[in-house]
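# Topology and contacts: notes
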Amino acid sequence: MRPPAFAPITPLGTWQTGITVEMVAGAPAAGEALAALDARLTAGPYLLVAHHASVESGMIFRHREACPVLAATDLIDTIPLAKYLLPDLRNYRLDTLLAHYKIPRPADRHRAMADVKVTAEVFGRLIDDADATGAFKTLSALKETAGCRAKATEPAQSGLF
């Protein structure tokens, strides 16, 4: 998807991802891309998994009118899950988790599909660890530790200030 004007592709971003301004010039805007994904969500309920889920949650919330099903979908964040299950790691960046689990770092790391695949693999390993240790007896317990509630489902108050 095309990044919004307030978050342009920078030289550092291009260096890290290989994505250039020219590559996304004709891509759909975030709201359009999220609406297309939302249209596919027809058999919920759903629970998304993400590494640093608050970033994805915030982006989805900003486009909640275009993707109402997605905006009401809670997430599991692999960072607090890893912190809970692997308390002795030096940090909880995705690359650190890949190294810990000896998951090969893909050549196109920091590209969407590559990151989706390795995040799914890391999540699978974390769940294997949780299962082996009996860390969570229920999905609710897992969500208590690593859940990121959909911002669109949180109560809103107005007129406070």
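Residues numbered from 1 in each chain as written. Predicted model: local features only at pLDDT ≥ 70, side-chain atom pairs only at ≥ 80, totals over all residues. Heavy atoms only, no water.

## As for the overall build of the protein
Looking only at helices and strands, one finds nine helices and three strands in the protein. Reading the helices (α) and strands (β) of the protein from amino to carboxyl end gives α-α-α-β-α-α-β-α-α-α-α-β. Taken over the C-alpha atoms alone, the protein extends approximately 45 × 45 × 35 Å along its principal axes. Counting only residues that meet the buried cut, the protein has 32% of its 161 residues in that class. Across the protein, contacts joining residues at least 24 apart in sequence account for 69% of those joining residues at least 6 apart. Accessible area of the protein: about 10300 Å², with a carbon and sulfur share of 58%. (Helix = DSSP H or I, 4+ residues; strand = E, 2+ residues; numbered from the N terminus. Buried < 20%, exposed > 50% of the residue type's maximum accessible area, 1.4 Å probe, protein only. Contact = heavy atoms within 4.5 Å. Areas by Shrake-Rupley, 256 points an atom, 1.4 Å probe, with all protein chains shown as cover.)

## Description of helix 8 (residues 112–133)
Compared with the 32 Å implied by 1.5 Å per residue over 22 residues, the 31 Å span of helix 8 between its first and last C-alpha is a close match. Every buried residue of helix 8 is listed here: Ala114, Asp115, Val118, Thr119, Val122, Phe123, Leu126 and Ala130. Along the axis of helix 8, the buried positions cluster into a sector of 160°, meaning they face one direction only. Within helix 8, the exposed residues directed more than 90 degrees away from the buried face are Met113, Lys117, Asp128, Asp131 and Ala132. Of the surrounding secondary structure, the elements contacted by the buried residues of helix 8 are strand 1 (48–50), strand 2 (75–77), helix 6 (78–85) and helix 7 (94–100). Glycine 134 sits one or two positions beyond helix 8 and adopts a positive phi of about 70°. (Expected span 1.5 Å × (residues − 1). Arc of directions from axis to C-beta.)

## Let's talk about the environment of histidine 51
Inspection of the secondary structure assignment puts histidine 51 in the loop between strand 1 and helix 4 (53–62). Overall, histidine 51 belongs to the buried group, its relative accessible area being 16%. Sequence spacing of histidine 51 and arginine 93 is 42 residues, and the spatial spacing of their C-alpha atoms is 8.4 Å. Those residues in contact with histidine 51, other than ones at most four positions away along the chain, are Glu56, Asp77, Thr78, Ile79, Tyr92, Arg93, Leu94, Leu97 and Thr119. In this structure the side chain of histidine 51 is engaged in a polar contact, spanning 3.1 Å, whose partner is the backbone oxygen of tyrosine 92. Polar side-chain contacts of histidine 51 include one of 3.2 Å to the backbone nitrogen of leucine 94. (Polar contact = N/O pair within 3.5 Å; in protein donor to acceptor, adjacent residues only side chain to side chain.)

## Here's the deal with the packing of aromatic side chains
Enumeration over the complete set of coordinates arrives at one aromatic pair. Against the face of phenylalanine 61 rests arginine 64, its NZ or CZ located 3.9 Å from the ring centre. (Phe/Tyr/Trp six-rings, centres within 6.5 Å; stacked < 30°, edge-to-face > 60°. Lys NZ or Arg CZ within 6 Å of the ring centre and 35° of its normal.)

## Considering the sheet that holds strand 1
Adjacent strands of a sheet form backbone hydrogen bonds with each other and so pair up, either parallel or antiparallel. Pairing in this open sheet of three strands is mixed, and the strands run 1-2-3 from one edge to the other. Where the open sheet ends on each side, the last strands, each with one partner, are strand 1 and strand 3 (147–148). Pairing geometry for strand 2 and strand 3, over two bridges, is antiparallel. Within strand 3, the position partnered with leucine 75 by the bridge is cysteine 148. Its contacts with the sheet place helix 6 against strand 1 and strand 2, and it is angled at close to 45° to strand 2. (Pairing = 2+ DSSP bridges. Axes fitted to C-alpha atoms, helices over the stretch in contact; angles between N-to-C directions.)

## Let's talk about empty space enclosed by the protein
Going through the model one piece at a time under the given rule, you end up with one cavity of 30 Å³ or more. Size it by volume and the largest cavity reaches roughly 40 Å³. Looking at the largest cavity, the residues that line it are Ser57, Ile60, Phe61, Leu70, Ala71, Thr73, Leu75, Ala150, Lys151 and Ala152. When residues of the lining of the largest cavity are traced back to their parent elements, those giving at least two are helix 4 and helix 5 (68–71). Looking at the lining of the largest cavity, its residues break down into seven nonpolar, two polar and one charged. (1 Å grid on protein atoms, 1.4 Å probe; cavity = no way out; pocket = protein on both sides within 12 Å on 5 of 7 lines; lining within 4 Å. Points joined across faces, edges and corners; volume = space filled by probe spheres on them. Nonpolar A, V, L, I, M, F, W, Y, C, P; charged D, E, K, R; others polar.)

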